[in-house]
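Structure at a glance
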Protein chains: 2
Amino acid sequence: MQKHAPAIGRRQFLGGAAGVTLSALLAGPDALAQGSRFAPAIAGEPHAEWARKAQALMPALQSVEQQPLALVKMIPDPAQILRFRVEEDASITDFATRSFRKGDSFILDFGGHRTGHLSFDLETVGREPDAPARLKLTFGEVQPDVAEPLHPYKGKISEAWLPEEIITVDYLPQSVKMPRRYAFRYVRVDVIDTSPGFAVKFGNVRAHAITSAGPMPVPMGSTPRLRRIDEVAMATLRDCMQTSFEDGPRRDQRLWVGDLRLQALANYASFRNNDLVKRCLYLFAAYRDKDGLVAACVYEKPYPRYGGMHIVDYAALFNVTLRDYLDATGDVATARDLWPVAQRQLELIERWISPAGLFIDPGNMWIFIDWSNKLDKGSAIQGLLTFAWKATADLALQLGLRHEAVRLSRRAAMMTTAGRAAYWDAASGRVLSGTARQVSWAGASWMMLGGLLSPREGRRALRAALADPAAIRPSTPYLYHYVMESLIACGEKSRALALLESYWGAMIDAGADTFWEVFDPANPLSSPYGDIHINSYCHAWSCTPSYFLRT
Amino acid sequence: MQKHAPAIGRRQFLGGAAGVTLSALLAGPDALAQGSRFAPAIAGEPHAEWARKAQALMPALQSVEQQPLALVKMIPDPAQILRFRVEEDASITDFATRSFRKGDSFILDFGGHRTGHLSFDLETVGREPDAPARLKLTFGEVQPDVAEPLHPYKGKISEAWLPEEIITVDYLPQSVKMPRRYAFRYVRVDVIDTSPGFAVKFGNVRAHAITSAGPMPVPMGSTPRLRRIDEVAMATLRDCMQTSFEDGPRRDQRLWVGDLRLQALANYASFRNNDLVKRCLYLFAAYRDKDGLVAACVYEKPYPRYGGMHIVDYAALFNVTLRDYLDATGDVATARDLWPVAQRQLELIERWISPAGLFIDPGNMWIFIDWSNKLDKGSAIQGLLTFAWKATADLALQLGLRHEAVRLSRRAAMMTTAGRAAYWDAASGRVLSGTARQVSWAGASWMMLGGLLSPREGRRALRAALADPAAIRPSTPYLYHYVMESLIACGEKSRALALLESYWGAMIDAGADTFWEVFDPANPLSSPYGDIHINSYCHAWSCTPSYFLRT
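Residues numbered from 1 in each chain as written. Chains lettered and ligands numbered in written order. Predicted model: local features only at pLDDT ≥ 70, side-chain atom pairs only at ≥ 80, totals over all residues. Heavy atoms only, no water.

Going by an unreviewed UniProt entry, chain A carries the name Glycoside hydrolase and comes from Sphingobium rhizovicinum.

Structure, rendered in structure tokens:
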């Protein structure tokens, strides 16, 4: 998930007709000053017992020390998707003999992405050091991060996220541990100054990769390319698995419900750190709003707390995540403990569903589905909520709550009927959304996943959407996941596999070590923030190829 | 003292005829690459027992927590020596209610200079903080440090000394302790970014002033102005008294012999932390060159060591400092312990003195006297060395080494005779130095202090130099001290007091809270480094008004 709740109301989730751009959504201070059109988010009393349970499940982070592989240079190359090719500049043995002065810079390649810390010994050459050394360090997930200047920064979100640090090291020689956690493959060092009298050398440079994921499983897949996709997806998940499932380790670093569901699915198929899922479920349960609505995200640091934002689909997906957890672990006790939270989500969302079963946008709630700002979300949210109702009914059934299961299933059936009437065009075999009768991958996928379409109808609708050049396509790997899930649900496994290879495979072709937050194959250098240097190139919601390839 | 040994040889200390500018002296890398024309500085084996004694004398640093007094603004004002006048912008009570966003800045005034740390609580206003906060902090000793941009930096010495820091604070709200030690009265904060969603507030801002000096004595002096001069001088000394007598807490932060002598004198008259002097004497004794020559400076951190630079006059002043220490403390044991070091200094310097007693510049040794690059140093160094010989003879006498005392006194008498013949022009009553027969305050002062002139001759020579507009004047408070000391030595007490009031008093008029590294009354905005923002405004060698006012 992203970290910014757009500070606007109805127009956004009813589509782009009003011309709202993402930039405008993220415009920030002005919108904030005028007051958000969202319903006010008011924290409830934290649930002490669940908060305690979440705390007790705090994982130990494993730290692995890693050496850089080489000094590299970035060569501009229009043939590369990210516009730079990496060439070795010097070996690490060579690097150990080099010294650097004011204005010098170099780029270290650690050969793959990690979340973690950086340490080195700063030694001096020349006279006794008669000044501190001032250095700028830039942490690159991908080549442009370290090949191009990050300033002037043109992005719409906080410049504080730019992965750079200026440090001044007194009392040389000195061991340096960089003060924060970073997400990086490359580290660029610019020597701002030493003094005219001495140069610096860098000894014992080490990354300290941290994760709560545990060791990487052997990649799976029927071809080397698929195994590489699995490997990169697992690396993505590993680097997001910290004391919670973070959305991305470079930026935001927060636990979001929608991202959690996808990470949990991939985790069940790979690292199997199921207690981390359990901890996250308890965090969401403990820190809700005053009515009991699950927040879109929660904060872990400096102390766990309510995230102050709500997304209708994310609240519903809490229930799906809990059901998935029960399926994966058989942990009935936790599912039973948290059942009231699941039940409460549907009670709260029910307020926006007509007696006949159609979701009516209240105009003051954030509906996400995808970052695409042209998307009419009507059909997709109807499908998603029906999907959540059915998952909750399934959960009730597994907990022995038969009466509740039946009641929820009946309601899901009404939602199915109402949704079909509103969005399914049987004549053309398409899902149509909004007054503009918009066709989208999102609509077809969620209507299929929600069971509003039969597999045969779903195949038809998905094929129509995927073949329609005017259809609204996903703008995030998050929605690509649900397209994949729905293709598989309607029996289109080979089409799903082809999509996986073409979409995630294209990131592999671009040199990805971890999968990205946003990737539009037609426009791979796009950023929803106005500056690609602020994009996150290791983003949890992109990790589900491992789920698909390993299950 | 300064931190940069000019990487050139003879031309410098024979005066400016060759057109060597300070910038050239500090040119650095090129000069270094070509190899210094100084004799190579090669460390000797550290003296383990003296190193241990120095370590055992490590002082405890006292930390005092201080609150800012107000938020201030700097108003450009040509009537002010430093070009800005300080006005209150808001009270601290007001400040506590203010919040700040991207692009905002403010200046805190702590009402006086200190060496120390800074801490604050960073709180947020608005939505839950969805980004870190990135801040730039600039630590100002004087107004221009925080009133003007420090970039582009035009100075010749390391930019790493510019007193600024960029920090990124994750996981808000958060308590922040700035990572380094700073020297400041003012703290300017520029908010680089928060996020569009939240602003920051600064709670509980505290300076933590540290020193090993102990409590400030009550200022002394016959007028309020003199008492203020004493107070500012003691504050200067206090802020330089850390684990050694540092030359300046903003920059360099190192222990130099010449600075030590002046600080020790002021300390005996004020804080009386005599063990800190003892520690410094042992540091110099423990870490000398391979021949036993005392280094111009030693390093304390990260571990004590030889400073790799030598100054002839500083090596000689080690002996004077040891004699002063014995006079002030009666600590015969230490003086006896270190006597061989004093003896060795004269043996080594003797190599450059002719049989007749005249110092002959060997061309590969640094002679300091003052930073003035026009000064012909011949007469001054002759006077200074004779002064050191006599002080060493005095030391020997006090240690019961009568034979040695007599021998040294005889040699000093020869140096007196030779120096008078070379530099004293009895006809005109002036000290003349070099082929250009240069008149300087330095030459007259040191010839008087060394006893090469009688008090009557000294008065004549000093009056002539001080009255001569073409005479080379001091460029540092360090040399002003010796002018003062020589005026007193020849009975010109009232002239000395007038000089003290006019020179140090002018810094008071400029708003000084501590006395400066360089101050030229005719050109108060000058910097030997090409940029006044890199000057040090609390510099130990300026602290001796307290010595003069209190003894």
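That was the structure; now back to the text.
**With respect to the overall build of chain A**
Looking only at helices and strands, chain A has 18 helices and 14 strands in total. By the compact-globule yardstick of 24 Å for 551 residues, chain A fits well, its C-alpha radius of gyration being 24 Å. Judged by the C-alpha coordinates and their principal axes, chain A covers about 85 × 50 × 50 Å. For chain A, with 551 residues in total, the buried portion stands at 64%. Taking contacts inside chain A between residues at least 6 apart in sequence as the whole, the part at least 24 apart equals 77%. Within the structure as shown, chain A displays about 18800 Å² of accessible surface, and the carbon and sulfur contribution to it stands at 53%. Each charge class in chain A can be summarised by its mean position, and for the 62 positive and 58 negative side chains these summaries are 5 Å apart. (Helix = DSSP H or I, 4+ residues; strand = E, 2+ residues; numbered from the N terminus. Rg over C-alpha atoms; globule rule 2.2 N^0.38 Å. Buried < 20%, exposed > 50% of the residue type's maximum accessible area, 1.4 Å probe, protein only. Contact = heavy atoms within 4.5 Å. Areas by Shrake-Rupley, 256 points an atom, 1.4 Å probe, with all protein chains shown as cover. Lys, Arg positive; Asp, Glu negative; His and termini not counted. Charge placed at Lys NZ, Arg CZ, Asp CG, Glu CD.)

**Overview of the pattern of salt bridges**
Pairs can form between side chains of opposite charge once their charged atoms are near each other. The tally for this structure, following the rule as stated, stands at 86 salt bridges over all chains. Linking Glu347 of chain A and Arg344 of chain A is a salt bridge whose minimum nitrogen-to-oxygen distance equals 2.7 Å. In this pair, Glu347 of chain A and Arg344 of chain A both sit in helix H11 (residues 332-350), 3 residues apart, roughly one turn of the helix. Assessed through its relative accessible area of 29%, Arg344 of chain A is described here as partly exposed. Here Arg323 of chain B makes a salt bridge to Asp394 of chain B, at a shortest N to O gap of 3.3 Å. With a gap of 71 residues between them, Arg323 of chain B in helix H10 (residues 312-329) and Asp394 of chain B in helix H12 (residues 378-398) connect regions that are remote in the sequence. Several salt bridges converge on common partners, so that one network encompasses Arg261, Arg323, Asp324, Asp327, Asp394 and Glu485 of chain A. (Salt bridge = Lys/Arg side-chain N within 4 Å of Asp/Glu carboxyl O.)

**Section: the domain arrangement of chain A**
All names here are of chain A. The assigned domain composition of chain A is domain 1 (10-15 + 30-61 + 231-550) and domain 2 (63-211). Between domain 1 and domain 2, the residue contacts involve 29 residues of the former and 33 residues of the latter. Of the roughly 2700 Å² buried at the junction of domain 1 and domain 2 (both faces included), carbon and sulfur atoms supply 56%. Here domain 1 and domain 2 share 4 salt bridges between them. The closest approach of N and O atoms between Arg250 and Asp145, which form a salt bridge, is 2.5 Å. Between the two partners, domain 1 and domain 2, sit 16 residue pairs in polar contact (both at pLDDT 80 or more). (Domains from an automatic or database assignment. Buried area = accessible area lost by both parts, 1.4 Å probe. Polar contact = N/O pair within 3.5 Å; in protein donor to acceptor, adjacent residues only side chain to side chain.)

**Quick word on the sheet that holds strand E12 (residues 305-306) of chain A**
Residue and element names in this part refer to chain A. Spatially, E10-E11-E12 is the arrangement adopted by the 3 strands of the open sheet, whose pairing is antiparallel. Each edge of the sheet is formed by a strand with only one pairing partner; in this case those strands are strand E10 (255-256) and E12. Two elements, strand E11 (residues 297-299) and E12, share 2 bridges in a ladder whose sense is antiparallel. Within E12, the residue paired with Val298 across the bridge is Tyr306. (Pairing = 2+ DSSP bridges.)

**With respect to the environment of Tyr287 of chain A**
Residue and element names in this part refer to chain A. Assignment of secondary structure puts Tyr287 in the loop between helix H9 (274-286) and E11. The exposure class of Tyr287 is buried, given its relative accessible area of 10%. Distance from Tyr287 to Trp161, taken between C-alpha atoms, is 26 Å for residues 126 residues apart in sequence. Not counting the four nearest positions on each side in its chain, Tyr287 is found in contact with Pro46, Ala51, Ala295, Val298, Pro304, Arg305 and Tyr306.

**A closer look at the packing of aromatic side chains**
Inspection of the entire model under this criterion finds 60 aromatic pairs over all chains. Relative to Tyr478 of chain A, the ring of Tyr314 of chain A lies with its centre 6.1 Å away and its plane at 50°, an arrangement referred to as tilted. Linking Tyr314 of chain A in helix H10 (residues 312-329) with Tyr478 of chain A in helix H16 (residues 477-489), this pair joins segments that are 164 residues apart in sequence. The buried category is assigned to Tyr314 of chain A, whose relative accessible area is 0%. Tyr478 of chain A gets classed as buried once you look at its relative accessible area, which sits at 1%. Ring geometry for Phe95 of chain B versus Phe202 of chain B: centroids 6.5 Å apart, planes at 20°, classification stacked. Placement of the pair is Phe95 of chain B in helix H5 (residues 92-95) and Phe202 of chain B in strand E9 (residues 198-211), with a sequence separation of 107 residues. (Phe/Tyr/Trp six-rings, centres within 6.5 Å; stacked < 30°, edge-to-face > 60°.)

**What about helix H7 (residues 224-240) of chain A?**
Residues and elements named next belong to chain A. In this model H7 runs 24 Å from its N-terminal to its C-terminal C-alpha over 17 residues, within 8% of the 24 Å that 1.5 Å per residue would give. With respect to burial, H7 is a largely interior element, 12 of its 17 residues being buried. Residues of H7 that are buried include every one of Leu226, Ile229, Asp230, Val232, Ala233, Met234, Ala235, Thr236, Leu237, Arg238, Asp239 and Cys240, and no others. Of the surrounding elements, those touching the buried residues of H7 are strand E4 (105-126), strand E9 (198-211), helix H8 (257-268), helix H17 (493-509) and helix H18 (545-550). (Expected span 1.5 Å × (residues − 1).)

**Re the nonpolar core**
Grouped together as the largest cluster of nonpolar side chains are 137 residues, with contacts concentrated most on Tyr314, Leu385 and Trp446 of chain B. Discounting chain neighbours no more than four positions away, the residues touching Leu385 of chain B are Val312, Ala316, Ile349, Phe359 and Met415 of chain B. (Core = buried A, V, L, I, M, F, W, Y, C linked by side-chain atoms within 4.5 Å.)

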